[in-house]
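Overview (structure and organization)
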Amino acid sequence: MPIFTFKGVDENKVNEYFKQVGELALLINADVKKFVFWHDPSTLIGNGYEKDAIQVTIEWVGRPLKQEDVSKHIQKFFGNISKNIYVKFEEINSFLYLNGDCIG
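Residues numbered from 1 in each chain as written. Predicted model: local features only at pLDDT ≥ 70, side-chain atom pairs only at ≥ 80, totals over all residues. Heavy atoms only, no water.

**Considerations on the pattern of salt bridges**
Applying the stated criterion across every chain, the model contains 3 salt bridges. Linking K72 and E68 is a salt bridge whose minimum nitrogen-to-oxygen distance equals 3.0 Å. Taken together, the residues span about one helical turn, with K72 and E68 both in helix α3 (residues 67-78) at a distance of 4 residues. A relative accessible area of 51% places K72 in the exposed class. With a relative accessible area of 52%, E68 lands in the exposed category. The shortest N-O distance in the salt bridge between K88 and E90 comes to 3.1 Å. (Salt bridge = Lys/Arg side-chain N within 4 Å of Asp/Glu carboxyl O. Helix = DSSP H or I, 4+ residues; strand = E, 2+ residues; numbered from the N terminus. Buried < 20%, exposed > 50% of the residue type's maximum accessible area, 1.4 Å probe, protein only.)

**Here's the deal with the sheet that holds strand β1 (residues 3-7)**
Consider a sheet: its strands pair through backbone hydrogen bonds, and that pairing is either parallel or antiparallel. Spatially, the 4 strands line up as an open sheet ordered β2-β1-β3-β4, and their pairing is mixed. Looking at strand neighbours, the two that pair on one side only are β2 (36-40) and β4 (85-91), the edges of this open sheet. Averaged over all adjacent pairs, the angle separating strand axes in this sheet is 15 degrees, with direction ignored. Relative to β2, β1 is paired through 5 bridges, and the arrangement is parallel. Following the sheet pairing, F4 is matched in β2 by F37. Across the sheet, α3 touches β1, β3 (54-60) and β4, and the angle it forms with β4 is around 145 degrees. (Pairing = 2+ DSSP bridges. Axes fitted to C-alpha atoms, helices over the stretch in contact; angles between N-to-C directions. Contact = heavy atoms within 4.5 Å.)

Here it is, written out as structure tokens:
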């Protein structure tokens, strides 16, 4: 279950990117129905990129060989609105539970 969290980007843009979830599913060989997207209306403060930064955090069962491909997919989509796109991968493996059941 890949969980994508977007910071520093408009919710409408996140919804627009969600329409490409089929491409992402093919890219990482995951069930399209298991993708979760969160919009986090956070603001970056203090490093000079306040007006032009996006952070995408991806929690998933580790796919080290696919990280660069996913990062480039995100960059391609959001690159026209930001020059500073941080993509962070977190491996949840067997540490994610949903309604008490291990799903990661």
